[in-house]
Amino acid sequence: MGPFGGDGDTDALLTACGQGDEAAFARLYRVTAPKLFGVLLRILRREDWAQEVLQEVYVTVWQHAGEYTASRGAAMAWLTRIARNRALDWWRRSRNEIADPDADLASIPDDAPHVETTLAADQDARRLQDCLARLGERQRRAVQMAYFEGLSHSELAARLEAPIGSVKTWIRRGLLALKECLGP
Amino acid sequence: MNRRHPECLELLAGEYVMGTLRGTARRRFERMLRQDDELGRRVSDWEARLGRLTDSVAPVEPPPWVWARIERSLDLGRAREAIAPRASLWNSAPFWRSLAMAATLLLAVFTAIVSRPGGQSEDWAKAVVAHVIEDRQALEARQSVPPGQVAGALAHVNVRLTGDLGETTFLGYCLVEGRLGIHLVVNTPYGRATVIVLPGGAVRAPDRHSADGFTGIVLPGKGGVTGVVTDSPAALPEVEAYVKDRLGWL
């Protein structure tokens, strides 16, 4: 198992997609879509948006699978990158159009549990948890909110009721601390 | 910030993956990324590192129509057989029970079809109502079909469930005018209704038919015909609107 919970199979499936193998693409979707859908729900917090973006993501994956090479890292990391970037783009486009981004929050089943409660699954995860615990409350919250909710510095500053300069510092220190304790 | 400084690039790569790098700074970074393999490696490293946070996100099964839309927009064909919702439908015991029930009724329906002259579009309403009359047993089914199973079955015929259809008590295949379709019995707020979805069928305009206490309407759709039949004729307009609001041809 790689750091994304993926494995060599996912890498091979994505590589096969790059060669135009439709059956491999269907299988890749079956294996990876639930994870990416969970991530999209976590970021977008609206089921209809997450469905739209999931569709966009896999269309992109099929069209660009040829650019993936297993030597560039785990397929799951490649897929997660596309999904997160798409979701952030979508969020930027959409957030100006809605008054209350949390309005539909209640409609999403809360099966995207919080980091603190689920990370104890294995040793790697515990390492991450220890690492996050060392960050200090506000740095840790800033890192988690930035990652899972796709918030910008100014949005983080508003949500954490802190000056934007402090938020930027927390994020940078948080990143460096994560790098230090999770390794290269 | 000196953008060429390694530590600065390292942080920019981290913020890029984190998502806090926005606007022009993000676009500028993406331009650099396309030209700089070393930067690409830094980004990959950050993805692996921060990606660990997604380990804690529980997977959520997306609705089946997402895959149907992906397939359609990419014009895929061969991959169709490999996808999970189909497998889960085929492996589902209630589905097989309903299929067996449909099969026992097939002969009667087939007889009804061959005994009717022609296959003109004006016969669709009549054929749908006749099917419901022939298959009265379906109306007596009392077991609730899970909404996910209904959505999955509809996805097979490229119909999307766009809203809560209400309690569904029967789900099976049906054969109407030589077309294999999906047969549902739904408890709407306006009474019990049969919904028949026939991919590949075509009607030019909505058409009604009444027989034996049942009234039905067939509606044209992008990929086929939707039939709505009720045993309370006065409620047909409401039932029709209710179903139309909740089903969409892809």
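K.L.:
What exactly am I supposed to notice about the packing of helix α1 (residues 6–18) of chain B against helix α3 (residues 37–51) of chain B here?
P.N.:
Packed helices, taken two at a time, are described by the angle their axes make and the gap between the axes. Residues and elements named next belong to chain B. Orientation of α1 relative to α3, taken along the N-to-C sense of each, is 50°, at an axis distance of 9 Å. Accordingly, the angle class assigned to the pair α1 and α3 is oblique. As α1 runs across α3, the sense of the crossing is right-handed. Of the residues in α3, those in contact with Pro-6, Leu-9, Glu-10, Ala-13, Gly-14, Tyr-16, Val-17 and Met-18 of α1 are Leu-39, Arg-42, Val-43, Trp-46, Glu-47, Arg-49 and Leu-50.

K.L.:
What exactly am I supposed to notice about the packing of aromatic side chains here?
P.N.:
Two aromatic rings, taken as a pair, are described by how far apart their centres are and by the angle between their planes. Counted according to the given criterion, the structure contains nine aromatic pairs over all chains. For the pair Phe25(A) and Trp67(B), a centre-to-centre distance of 5.4 Å together with 50° between the ring planes defines the contact as tilted. Of this pair, Phe25(A) sits in helix α2 (residues 22–44) while Trp67(B) sits in helix α4 (residues 64–74), each in a different chain. Take Trp67(B): its relative accessible area is 3%, and that puts it in the buried class. Ring pairing ties together the aromatic residues Phe25(A), Tyr29(A), Tyr58(A), Trp62(A) and Trp67(B), which thus form one cluster.

K.L.:
Just checking my understanding: could you explain the interface of chain B and chain A for this structure?
P.N.:
Accessible area lost when the parts come together is the quantity often used to give the size of an interface. Facing 48 residues of chain B, the contacting portion of chain A comprises 63 residues. Overall, the association of chain B and chain A removes approximately 5200 Å² of surface from exposure, summing both partners, and the carbon and sulfur fraction of that is 64%. For the interface between chain B and chain A, the tally reads four salt bridges. As a salt-bridge pair, Glu10(B) and Lys179(A) come within 3.1 Å of each other at their nearest N and O atoms. In this assembly, chain B and chain A are joined by 15 residue pairs in polar contact (both at pLDDT 80 or more). It is α3(B) that provides the largest number of residues to the side of chain B that touches chain A, a total of eight residues. Taken together, the residues of the side of chain B that touches chain A sort by class into 27 nonpolar, nine polar and twelve charged.

K.L.:
Explanation requested: the sheet that holds strand β5 (residues 207–211) of chain B in the structure shown.
P.N.:
For sheets, the rule is that strands pair by backbone hydrogen bonds, running either parallel or antiparallel. Residue and element names in this part refer to chain B. Read across the sheet, six strands follow the order β2-β3-β4-β7-β6-β5 without closing on themselves; strand pairing throughout is antiparallel. Across the chains shown, the open sheet's two edge strands, defined by having one partner strand only, are β2 (167–176) and β5. Taken over all neighbouring pairs, the strand axes of this sheet differ in orientation by 20° on average, direction set aside. The strands touched by helix α10 (residues 236–244) are β3 (179–188), β4 (191–199), β5, β6 (214–220) and β7 (224–230); relative to β6, the strand with the most contacts, the crossing angle is about 40°.

K.L.:
Even after reading the chapter, I still don't get the pattern of salt bridges, so can you show me in this structure?
P.N.:
Two side chains bearing opposite charge may form a pair once their charged atoms approach each other closely. Residues and elements named next belong to chain B. With the rule as written, the count across this model stands at 14 salt bridges over all chains. The closest approach of N and O atoms between Glu-10 and Arg-49, which form a salt bridge, is 3.8 Å. Of this pair, Glu-10 sits in helix α1 while Arg-49 sits in helix α3, placing them 39 residues apart in sequence. By relative accessible area, which is 4% here, Arg-49 ends up buried. Residues Lys-244 and Glu-240 are paired through a salt bridge, measuring 3.6 Å at the closest nitrogen-oxygen approach. Of this pair, Lys-244 and Glu-240 both sit in helix α10, four residues apart, which is roughly one turn of that helix. Take Glu-240: its relative accessible area is 11%, and that puts it in the buried class.

K.L.:
What's the story with helix α7 (residues 123–134) of chain B in this structure? I'm lost.
P.N.:
The α-helix advances 3.6 residues per turn, and as a result positions three or four apart in sequence lie on the same side. The terminal C-alpha atoms of α7(B) lie 16 Å apart, and with twelve residues this matches the ideal 16 Å at 1.5 Å per residue to within 8%. Within the span of α7(B), buried status applies to Asp123(B), Trp124(B), Ala125(B), Ala127(B), Val128(B), Val129(B), His131(B), Val132(B) and Ile133(B).

K.L.:
Looking at this model, I keep getting lost on empty space enclosed by the protein. Mind explaining?
P.N.:
Remark: the empty space left among the atoms is shown by a probe the size of a water molecule rolled over them. Taken as a whole and judged by the stated rule, the model has four cavities of 30 Å³ or more. In this structure, the largest cavity spans a volume of roughly 90 Å³. What lines the largest cavity is a set of eleven residues, and nearest its centre among them are Thr80(A), Arg81(A), Arg84(A), Val17(B) and Glu47(B). Within the residue set of the lining of the largest cavity, elements represented by two or more residues are α4 (75–95) of chain A together with α1 and α3 of chain B. With five residues, the single largest contributor to the lining of the largest cavity is α4(A).

K.L.:
It is not clear to me how unusual backbone geometry should be interpreted in this structure. Could you clarify?
P.N.:
With glycine set apart, most residues show a phi of negative sign, and most peptide bonds adopt trans. Here Glu161(A), not a glycine, exhibits a phi torsion of approximately 50°, which is positive. Examined against the element boundaries, Glu161(A) turns out to sit in the loop between α8 (153–160) and α9 (164–182). Of note, the phi angle at Asp75(B) is positive, near 55°, even though the residue is not glycine. The topology assignment puts Asp75(B) in the loop between α4 and α5 (84–90). Among the residues examined, Asp75(B) registers a relative accessible area of 68% and is labelled exposed.

About the cut-offs
Residues numbered from 1 in each chain as written. Chains lettered and ligands numbered in written order. Predicted model: local features only at pLDDT ≥ 70, side-chain atom pairs only at ≥ 80, totals over all residues. Heavy atoms only, no water. Axes fitted to C-alpha atoms, helices over the stretch in contact; angles between N-to-C directions. Helix = DSSP H or I, 4+ residues; strand = E, 2+ residues; numbered from the N terminus. Parallel < 35°, antiparallel > 145°, perpendicular 65-115°, else oblique. Left-handed = near helix turned anticlockwise from the far one by under 90°. Contact = heavy atoms within 4.5 Å. Phe/Tyr/Trp six-rings, centres within 6.5 Å; stacked < 30°, edge-to-face > 60°. Buried < 20%, exposed > 50% of the residue type's maximum accessible area, 1.4 Å probe, protein only. Buried area = accessible area lost by both parts, 1.4 Å probe. Salt bridge = Lys/Arg side-chain N within 4 Å of Asp/Glu carboxyl O. Polar contact = N/O pair within 3.5 Å; in protein donor to acceptor, adjacent residues only side chain to side chain. Nonpolar A, V, L, I, M, F, W, Y, C, P; charged D, E, K, R; others polar. Pairing = 2+ DSSP bridges. Expected span 1.5 Å × (residues − 1). 1 Å grid on protein atoms, 1.4 Å probe; cavity = no way out; pocket = protein on both sides within 12 Å on 5 of 7 lines; lining within 4 Å. Points joined across faces, edges and corners; volume = space filled by probe spheres on them.

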